[in-house]
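Structure at a glance
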Amino acid sequence: MHKILFSFFIFLGCTLPRSVSLPKWAYFPPQMSIGGPLGLYYLSSQITQFQNIRVCIQKTHSDYTDPEILLELKLAYLMWFHAALGDESRKALSSLQFLFDTPSSPCKASSKIHILFLDPLVSNDLALAHQNEFLPGKIQCQKTKNSSSRSIQSHCQSTNQKLGLGKAGDYTYIKGNLASFKLLNPSFAYLSPYVRWLPISRQLGVSSDIALSASQKNPLDKIGDLLKNVLVFFKVSSEDPRKTLSLMAQKYLTLLGDPKYENLLDFKNLLESESALGLGDSTLDTLVKQFGSSPQTSLNQAYTPTLGGFHVLLHEIGHQFGMAHADSPDSMTITGTISPHPKQNQLGQWVEQESTMAYGKPYLYLTPDDKGGIHYLSESLKKEINSLF
Ligand SMILES: [Zn+2]
């Protein structure tokens, strides 16, 4: 039996009381989310410096090409903004300005949002990874002899691995004085340095060369031939998955060449209507099989899983907006009051597995629970900001 468990960041620390009548969704109190993308968007109508939000992307040694990470970040922000604001998401998304952090033009100091693919070769990144408990994947296996049947059994275990971390920015203000509002720290999303992250395109069998070519609007031919691995990493609900995945790959390539709002919305709708899921990593399976057929009696080694980056980005960006864990709300999370319902635990908290914000399936879209939650949080955030200033 081998099992891989993925864990995301859970906020620990101070405890906030839950008030008497609250909604069922798991999110952090609105006052903790004002420094995130949605809070800053609401503030931008009155504070001009937030009309353009710089998003700084640090990405070295990654399978993502620059146009691919740009596309997938825009898609993730669009999904949350659209669920929160509807058509106004066009305006909100256009206020984000994406930049790459390079030695010649570093963007971290001037940005309100940081997206970091932590780099295992950079000491600062490793210190940050260590501080936030990112660890390499580890597998342990043992062979035992079953005395009755004289057969040999293999038992394998893998350690929990934290994949990402996300949070809204911290801020300070003087009540009633809008001009005093200051962002102290940016919102962030960190991705583990101990994972090989793949873009959606690679999961759909599109090579980085083709992706770059599409982003430069070069004519593409033989796309069909290039999608040989199309069923490896993706799951869709269509009766003809191969056709759907091929369409998805083509739409992705179109988006790389022309990442306009309508195309992003179209791609979001396709992922949603197909209930698209990323599939699990096969690295562990391979190691377990190799061990089973080897003469070794034990195995204890580190390994690097290969995973799609989008569902983790979507989850961590959800935290930036102020969403909490739907499947294990903690004491800081707003959910319902005590009443008997199959989806409420003994503390009266609503618990939902079908959510991007749960540790469940790798959703490539926002589920009804995610959408309900961010919509409600959005309204609460608006009220909170109005009450402060
Ligand atoms: Zn999380």
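Residues numbered from 1 in each chain as written. Predicted model: local features only at pLDDT ≥ 70, side-chain atom pairs only at ≥ 80, totals over all residues.

Right, let's get into the overall build of the protein chain. Along the backbone of the protein chain there are 12 helices and 16 strands. The C-alpha radius of gyration computed for the protein chain amounts to 22 Å, which stays within 12% of the reference 21 Å derived for 389 residues, consistent with globular compactness. Taken along its principal axes, the extent of the C-alpha atoms in the protein chain is 75 × 55 × 45 Å. Burial statistics for the protein chain: of 389 residues in total, 42% are counted as buried. Partitioning the contacts of the protein chain with sequence separation of at least 6, the portion at a separation of at least 24 is 75%. (Helix = DSSP H or I, 4+ residues; strand = E, 2+ residues; numbered from the N terminus. Rg over C-alpha atoms; globule rule 2.2 N^0.38 Å. Buried ≥ 20, exposed ≤ 12 C-beta atoms within 10 Å, placed from the backbone. Contact = placed C-beta atoms within 7 Å.)

Strand order in the open sheet formed by five strands is 3-2-4-11-8, with mixed pairing between adjacent strands. The two strands at the open ends of the sheet, each matched to only one other strand, are strand 3 (96-100) and strand 8 (164-167). Going across the sheet, the axis of each strand differs from the next one's by a mean of 10°, ignoring polarity. Relative to strand 4 (residues 113-117), strand 2 (residues 53-58) runs parallel, the two sharing four bridges. (Pairing = 2+ DSSP bridges. Axes fitted to C-alpha atoms, helices over the stretch in contact; angles between N-to-C directions.)

Let's shift gears to the nonpolar core. Buried together is how nonpolar side chains tend to be arranged in soluble globular proteins. With 92 residues, the main nonpolar core has Ala76, Tyr77, Met79, Trp80 and Tyr252 as its most contacted residues. Here the element with the most residues in this core is helix 2 (residues 66-85); it accounts for 12 residues. Those residues in contact with Ala76, other than ones at most four positions away along the chain, are Phe310, Leu313, Leu314 and Ile317. (Core = buried A, V, L, I, M, F, W, Y, C linked by C-beta atoms within 7 Å.)

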